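The residues making up each chain are set out below.
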Amino acid sequence: MDEKIGLVLSGGGVRAIAHIGLIKVLLEHGIIPNDISGTSGGALVGALYANGYDANEMIRFFKETPILDFSLYAIKKPGILDSEKYEKFFKKYFDENDFKALKYPMTTTATNLLTGKLEYFSQGELIKPLIASCAIPPLFSPLKINDNFYSDGGILNNFPVEPLKKKKITKIIGSFVNPITSIKESDINTSLKLIYRVYHLGLEANNLKKFKLCNYVFEPKPIDKIGTLETKSIDTAFEIGYNHAKKEIDQILSSLKL
């Protein structure tokens, strides 16, 4: 397939596994995204897909990579867990640590804490930018790359469609797994849950504007039942994404005029 189909994947922690369900349905219907842009959990899914992994292998990555493993605690660093200690898990899946080794072009984002600006990574070393894109403060320590310190790309841009538009890709599918819905008090009863909620509320208006730049945006509403760090719900997140994508496939095909 010569035509470029772009795929934008939002962050969302465990919720980002719903992206895998969407990708599986797209491939089953002959839609092959071949230029990816993602942030945080979406960056991980995007990079795994761009590296040629199928849905089962992508899910296995998330089950084998601990989100909350306190043996990875940070010593003399800001943050509870040491982001650098996650490299060993990523090396199992990205043995050639370079963007150019991926099957498809891939862009990820991270927030440069020293300059206060968002940065895009699409060439050179792969693993550190991927980890940085997911390094949500204050849980994970910032990651040092080329004398700068980086944290979660979702802080400044949770729906990075810009790299695809810059390439003048005209067919773009977005996948957004942070729908803003009413929540219960128990959904903000820890510092981390509260931080996530504030992130998503602050970014919502900007995200909605950017949805208009896509041919179609995938928003599986039931995903809001899953907590961002709820690792026991990995399979459920995938099923929500897969089932919703199956219901939406006609609309997706129509939006791409396929």
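Now for a look at the structure at hand. As the structure is a prediction and not an experimental result, all values here were calculated from the model.

### Thoughts on the nonpolar core
Step number 1: Ranked by size, the top nonpolar core spans 66 residues in total, and within it Ile20, Phe62, Phe90, Phe94, Ile173 and Ile252 carry the most contacts.
Step number 2: Counting residues per element, this core draws most heavily on helix α8 (residues 234-256), which supplies nine residues.
Step number 3: Formed by ten residues, the second largest nonpolar core is a distinct cluster that contains Val161, Ile169, Ile172 and Phe176.

### Topic: the environment of Thr115
Step number 1: Among the secondary structure elements, Thr115 is positioned in the loop between β3 (106-112) and β4 (117-121).
Step number 2: The class of Thr115 is partly exposed, set by a relative accessible area of 45%.
Step number 3: Of note is the side chain of Thr115, whose polar atom sits 3.2 Å from the backbone nitrogen of Lys117.

### Some details on the pattern of salt bridges
If the charged atoms of two oppositely charged side chains come close together, the side chains can form a pair.
Step number 1: In the structure shown here, the tally under the stated rule is 13 salt bridges.
Step number 2: A salt bridge links Lys77 to Glu84; the shortest N-O distance between them is 3.7 Å.
Step number 3: Two residues, Glu162 and Lys210, come together in a salt bridge whose shortest N-O distance is 3.1 Å. Remark: Lys210 occurs in helix α7 (residues 191-211) and Glu162 occurs in helix α6 (residues 162-166); sequence separation between them is 48 residues.
Step number 4: Looking at Lys210, the relative accessible area reads 7%, which means it is buried.
Step number 5: One salt-bridge network, held together by shared partners, links Lys4, Asp35 and Lys167.

### Some remarks on helix α3 (residues 55-64)
Step number 1: Buried within α3 we find Ala55, Met58, Ile59, Phe61 and Phe62. Viewed along the axis of α3, the buried residues span an arc of 150°, placing them on a single side of the element.
Step number 2: Looking at the buried positions of α3, the neighbouring elements they touch are α1 (18-28), α2 (41-50), α4 (87-91) and α8.
Step number 3: In this structure Asp54 caps α3, since a side-chain oxygen of it lies 3.2 Å from the backbone nitrogen of Asn56.

### Some words on the packing of aromatic side chains
Step number 1: Counted according to the given criterion, the structure contains twelve aromatic pairs.
Step number 2: Plain terms: the ring middles of Phe61 and Phe90 are 5.3 Å apart, the flat faces sit at 85° to each other, and that makes the pair edge-to-face. Separated by 29 residues along the polypeptide, Phe61 in helix α3 and Phe90 in helix α4 bring together distant segments of the chain.
Step number 3: For Phe61, a relative accessible area of 1% translates into the label buried.

So, how was this worked out
Residues numbered from 1 in each chain as written. Predicted model: local features only at pLDDT ≥ 70, side-chain atom pairs only at ≥ 80, totals over all residues. Heavy atoms only, no water. Core = buried A, V, L, I, M, F, W, Y, C linked by side-chain atoms within 4.5 Å. Buried < 20%, exposed > 50% of the residue type's maximum accessible area, 1.4 Å probe, protein only. Helix = DSSP H or I, 4+ residues; strand = E, 2+ residues; numbered from the N terminus. Polar contact = N/O pair within 3.5 Å; in protein donor to acceptor, adjacent residues only side chain to side chain. Salt bridge = Lys/Arg side-chain N within 4 Å of Asp/Glu carboxyl O. Arc of directions from axis to C-beta. Contact = heavy atoms within 4.5 Å. Phe/Tyr/Trp six-rings, centres within 6.5 Å; stacked < 30°, edge-to-face > 60°.

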